[in-house]
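Single-letter residue listing:
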Amino acid sequence: MPDIDNALIIRLLDLAGIGVFALSGALMAVRLRQTLVTAAFFALVTGVGGGSVRDLLIGAPVFWVHDSAIAAMCIAIALIVWITPERWWPGHLLEWADAVGLAGYAVFGTAKALAWGVPPVPALMMGVITGCVGGTIRDILAGVPSIIMRPEIYVTAAALASGLYLVLLWLGLGTAVAAIIGACAGFILRGAAIRWSLGLPVYKAPPESG
Amino acid sequence: MPDIDNALIIRLLDLAGIGVFALSGALMAVRLRQTLVTAAFFALVTGVGGGSVRDLLIGAPVFWVHDSAIAAMCIAIALIVWITPERWWPGHLLEWADAVGLAGYAVFGTAKALAWGVPPVPALMMGVITGCVGGTIRDILAGVPSIIMRPEIYVTAAALASGLYLVLLWLGLGTAVAAIIGACAGFILRGAAIRWSLGLPVYKAPPESG
Amino acid sequence: MPDIDNALIIRLLDLAGIGVFALSGALMAVRLRQTLVTAAFFALVTGVGGGSVRDLLIGAPVFWVHDSAIAAMCIAIALIVWITPERWWPGHLLEWADAVGLAGYAVFGTAKALAWGVPPVPALMMGVITGCVGGTIRDILAGVPSIIMRPEIYVTAAALASGLYLVLLWLGLGTAVAAIIGACAGFILRGAAIRWSLGLPVYKAPPESG
């Protein structure tokens, strides 16, 4: 599929990650009865937190620091949440927005790490870390239990998105197709976890051998 | 006011931020009955945490890593807190020291970001982030609720200091005057919030329209 | 002792730090009944967290990002914890693994900082910070009280390891000897703190003078 603009797909995954994480951050601040300014701060920190850590780790310039549009977008999202009726933003929306950000950011983080010459195994980890860091910072700042420790699948969904993207690239698929399939798979797994409180088998001591 | 030494004013705001945040970190450790060494660690992390994150994000060398004096100052502050009578350090002093650090660091963070070529909107965010990060790290390490989530104004005071500094610069005022006015305004707002438990209007669902 | 390979000793301290912190992270995830994938994530974040912060602060490339072996080792450690009987990993093993990592990482962090031209006082702090950050991130993510705030000595043991290493270097001992003595002293102090719930004198108001 050479006609698909790979850079565009990757850019859209990035903006989706920033936007929905920013939304989840603003919703958290509003639910905790904070001010508009604090909501904008939460939107920014949640939206760009994962990507900032990724950029620092791979040695890239931090993407939003020299780009006014991203910080402005986060502020605008906080403002929209603030001025709209609360019933537009039901409680579980935060979880679903977070799920989109998780899947999009995981693939984008892995793609950017590969583009900066990071080998596959650390690139997988980079996708997981950057997918999970935004929501984790939001939860730690808000003083609620970190989302990555909930009983349902979370980190695993990010790892699926990043890992499937890497495997599909290795199988020779184009970047765009691999990115879309990876992100969708991660989102579906996280969505199923939210919808049916799905969890992977957790650790149990195996039967004694020998 | 060309006779005022801008670099000196900015440097003093920086040292004020480091020193009072270090003091607030040492006081927190002492109140939690930790050892002198842990108090020195808290003084350093709280004192330089915000500036370190700022420097990493804007791509500057982290300011205290190659400057022995700053780490030594934080250790000295912890020692002073340690060897002096506890009644010298009443409970609310931590909050007021934190307020000075918040306002000073917010303006300094924005000024340093501008000096490194960061555009105004991210530079504003950089001031807020660096003003809030030191106290946030201190609170997270100590296991107390993060100061930025208290009902009174906190993040907003940092945003006022940084934002007013930017507006005054844009209006043509000198760096020193803009910095002093911005920092004082931020400190006054945070001080009023401490004194009268002041909060900005928090989120309420607006009446339904149309 | 010119025949000892300094680089090898330092490298072993580094791998010891990564490996045992990774082990402590995987054990924490398993004890919290998380999935294998989350255990691998915890192993990595705990194992490389301290070194990553150190490398960012001193301006070095983050060591594990371009080295697939380290991430793979952390994943393997999580897998080993996962597939082995739980009785192989008694509860206090996490604390002892953490103690080895603390001492090894503190010395290694200081040594690497010196190698990058950091002066002694910040290099001491770099050892303490990097020794303590891995376990701190693990505890914050897991939502348990941060290990550095426990009543027994923790930060102080890291400071002893780093400080003794610096003093012995300054006295003219070779890198390898100084590193081994420093790491052992830090481990012994932390081990004694675990074994006998040892604490340094905590802050008490001194008698009023004058």
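Rules behind the numbers
Residues numbered from 1 in each chain as written. Chains lettered and ligands numbered in written order. Predicted model: local features only at pLDDT ≥ 70, side-chain atom pairs only at ≥ 80, totals over all residues. Heavy atoms only, no water. UniProt positions renumbered as here; feature names shortened; annotations may be inferred. Helix = DSSP H or I, 4+ residues; strand = E, 2+ residues; numbered from the N terminus. Rg over C-alpha atoms; globule rule 2.2 N^0.38 Å. Buried < 20%, exposed > 50% of the residue type's maximum accessible area, 1.4 Å probe, protein only. Contact = heavy atoms within 4.5 Å. Areas by Shrake-Rupley, 256 points an atom, 1.4 Å probe, with all protein chains shown as cover. Lys, Arg positive; Asp, Glu negative; His and termini not counted. Charge placed at Lys NZ, Arg CZ, Asp CG, Glu CD. Least-squares fit on C-alpha atoms with pLDDT ≥ 70 in both. Axes fitted to C-alpha atoms, helices over the stretch in contact; angles between N-to-C directions. Parallel < 35°, antiparallel > 145°, perpendicular 65-115°, else oblique. Left-handed = near helix turned anticlockwise from the far one by under 90°. Salt bridge = Lys/Arg side-chain N within 4 Å of Asp/Glu carboxyl O. Polar contact = N/O pair within 3.5 Å; in protein donor to acceptor, adjacent residues only side chain to side chain. pLDDT = per-residue confidence, 0-100. Expected span 1.5 Å × (residues − 1). Bend = angle between axes of the 7 residues up to and from the residue.

An unreviewed UniProt entry lists chain A under the name Glycine transporter domain-containing protein, with Sphingopyxis lindanitolerans given as the organism. Under the heading Sequence similarities (unreviewed entry), UniProt records this for chain A: "Belongs to the UPF0126 family." The UniProt entry for chain A carries the following text under Subcellular location (unreviewed entry): "Cell membrane".

Caption draft 1: Region of the structure containing the overall build of chain A. For chain A, the count of helices and strands is 7 helices and 0 strands. Order of helices (α) and strands (β) in chain A, N terminus to C terminus: α-α-α-α-α-α-α. At 17 Å, chain A has a C-alpha radius of gyration in line with the 17 Å of a compact globule built from 210 residues. With 210 residues in all, chain A has 59% of them scored as buried. For chain A, restricting intrachain contacts to residue pairs at least 6 apart in sequence, the fraction spanning at least 24 positions comes to 76%. Accessible surface, chain A: about 8100 Å² in total, of which carbon and sulfur atoms supply 72%. Taken together, the 11 basic and 11 acidic charged side chains of chain A have centroids lying 7 Å from each other.

Caption draft 2: Local environment of the UniProt feature "transmembrane region" (unreviewed entry) in chain A. The feature "transmembrane region" (unreviewed entry), as given by UniProt, occupies residues 6-29, 36-57, 63-84, 121-141 and 177-198 of chain A in the numbering adopted here. Here residues 63-84 of chain A is 73% helix and 0% strand, with 29 Å between the C-alpha atoms at its ends.

Caption draft 3: Spatial organisation of the relation of the copies chain B and chain A. With an axial shift of 0.0 Å and an RMSD of 0.0 Å, the rotation relating chain B to chain A amounts to 120°. The superposition operator between the copies reduces to a three-fold rotation axis. Comparing interface residues between copies, only 7% of those in chain B also sit at the interface in chain A, which points to a heterologous contact through distinct surfaces.

Caption draft 4: Fine view of the packing of helix α4 (residues 93-115) of chain B against helix α6 (residues 155-170) of chain B. Residues and elements named next belong to chain B. At their nearest, the axes of α4 and α6 sit 8 Å apart, and the two run at 45° to each other. On the basis of the axis angle, α4 is oblique to α6. Handedness of the crossing formed by α4 with α6: right-handed. Between α4, through L102, A103, A106, V107, T110, A111 and L114, and α6, the contact on the second element is made entirely by A157, A158, A161, S162, Y165, L166 and L169.

Caption draft 5: Spotlight on the interface of chain A and chain C. Between chain A and chain C, the contact holds 30 residues from the first and 32 residues from the second. Summed over the shared surface of chain A and chain C, the result is 0 salt bridges. The tally of links from chain A across to chain C stands at 1 residue pair in polar contact (both at pLDDT 80 or more).

Caption draft 6: Highlighting the confidence of the model for chain A. Residues and elements named next belong to chain A. For chain A, per-residue confidence averages 85 on the pLDDT scale, and residues scoring 70 or more make up 91% of the total. Confidence, expressed as mean pLDDT per element, reaches its minimum in chain A at helix α1 (residues 6-31) with 82 and its maximum at helix α6 (residues 155-170) with 94. Taken as a whole, residues 205-210 scores under 50 in pLDDT and shows 6 contacts with residues more than four places along the chain or in a different chain.

Caption draft 7: The arrangement of the side chain of T130(B) in detail. Mapped onto the secondary structure, T130(B) falls in helix α5 (residues 120-142). Excluding anything up to four places from it in sequence, T130(B) contacts G50(B), R54(B), Y105(B) and G109(B).

Caption draft 8: A look at helix α2 (residues 36-58) of chain B. Residues and elements named next belong to chain B. Between its terminal C-alpha atoms α2 stretches 33 Å, which fits the 33 Å expected from 23 residues at 1.5 Å a residue. A bend of about 45° at G49 is the largest found in α2. The buried fraction of α2 is high, at 20 of 23 residues. Two residues or fewer past α2, G59 is found with a positive phi of approximately 85°.

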